[in-house]
Amino acid sequence: MFAKPIPGRTTAAHEGDAVVLLIGMRINHFWAAHQWAPVLVAMPRMLRELSRDRSRGLLGHVLLTASPRTYYVVQYWESQEKLHAYAAAPDALHHRVWAAVNRKERAGKVRGHVGIWHEAYVSPEGLYESIYADMPPFGLGAATGVLPVERRGRRAADRLAHRSTTDPSAPGDPSVPDDPHTDR
């Protein structure tokens, strides 16, 4: 929480696609705490569940507020498949919470006292970049680690051009001979 800044400029060490989920709530009527309080406490419970089982795919998160009414979490995931798997897993807290929300809605017990929302983004490698100047690890960098910005490039365009080398069969890799049966 009170991490010391890393001197100089760093960038997120993440390789591959970046999966980001923004998820939150808005309190529409403060006086209806019995409606919004369960929603408010559900997210920290889900984050604890995910932190206890790293195989579910959550890499890290940041809790934020947009106003006294609106609270949200930025989540970083290993893959969209793991995000979808957690959302649908019958043994996960998310499944039980969402089922309760759906039951209330079907029973006509949702009165608009609390709003809920999410947005999910999958950004392919080469279409995202980051820089942190004199900052402790934050955001994607906190979720996946940081490295000196020079390793990926001082300019945003250089960092956007970075490709991981985890796939040795990627096109253009000189260590993999061309397939003579394909027309290039």
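For the structure itself, consult the block above.
## Details of the overall build of the chain
Summing up its helical and strand segments, the chain has five helices and seven strands in all. When the helices and strands of the chain are listed from N to C terminus, the series reads β-β-α-β-β-α-α-β-β-α-β-α. Here the chain holds 184 residues, and the buried ones make up 32% of them. Sequence-distant contacts, at least 24 apart, represent 74% of the contacts inside the chain between residues at least 6 apart. A total of about 11,800 Å² of accessible surface is found on the chain, and carbon and sulfur atoms cover 59% of it.

## Focus: the packing of aromatic side chains
Under the counting rule described, the total for this entry stands at two aromatic pairs. Seen in terms of ring centroids, Y72 and W117 are 5.8 Å apart; in terms of plane orientation they differ by 45°. Their pairing is tilted. Residue Y72 is found in strand β4 (residues 70-77), and its partner W117 is found in strand β5 (residues 114-123); the two are separated by 45 residues along the sequence. Measuring from ring centre to ring centre gives 6.1 Å for W77 and Y86, while their planes differ by 35°; the resulting arrangement is tilted. Of the two residues, W77 and Y86, both sit in the buried class.

## What about the sheet that holds strand β3 (residues 58-65)?
Here we have four strands laid out as an open sheet, ordered β3-β4-β2-β5, and antiparallel in their pairing. Of all strands in the sheet, those bounded by a partner on one side alone are β3 and β5. Going across the sheet, the axis of each strand differs from the next one's by a mean of 15°, ignoring polarity. The sheet contact formed by strand β2 (residues 18-27) and β5 spans ten bridges and is antiparallel. In the strand pairing of β5, V19 is matched with V122. Of the strands in this sheet, β2, β3, β4 and β5 are in contact with helix α1 (residues 33-52), which crosses β4 at around 20°.

## Notes on the nonpolar core
The nonpolar side chains of a soluble globular protein tend to be buried with one another. In this structure, W77 and Y86 are the most contacted members of the largest nonpolar core, which totals 16 residues. Elements that contribute at least two residues to this core include exactly β2, α1, β4 and α2 (80-88).

## Regarding the packing of α1 against helix α3 (residues 93-106)
At a minimum axis distance of 9 Å, the contact between α1 and α3 shows a crossing angle of 155°. Taken as axis vectors, α1 and α3 run roughly antiparallel relative to one another. Here A42, R45, M46 and E49 of α1 come into contact with α3, specifically with L93, H94 and V97. Split into classes, the residues belonging to the contact of α1 with α3 amount to four nonpolar, one polar and two charged.

Reading guide: rules and limits
- Residues numbered from 1 in each chain as written.
- Predicted model: local features only at pLDDT ≥ 70, side-chain atom pairs only at ≥ 80, totals over all residues.
- Heavy atoms only, no water.
- Helix = DSSP H or I, 4+ residues; strand = E, 2+ residues; numbered from the N terminus.
- Buried < 20%, exposed > 50% of the residue type's maximum accessible area, 1.4 Å probe, protein only.
- Contact = heavy atoms within 4.5 Å.
- Areas by Shrake-Rupley, 256 points an atom, 1.4 Å probe, with all protein chains shown as cover.
- Phe/Tyr/Trp six-rings, centres within 6.5 Å; stacked < 30°, edge-to-face > 60°.
- Pairing = 2+ DSSP bridges.
- Axes fitted to C-alpha atoms, helices over the stretch in contact; angles between N-to-C directions.
- Core = buried A, V, L, I, M, F, W, Y, C linked by side-chain atoms within 4.5 Å.
- Parallel < 35°, antiparallel > 145°, perpendicular 65-115°, else oblique.
- Nonpolar A, V, L, I, M, F, W, Y, C, P; charged D, E, K, R; others polar.

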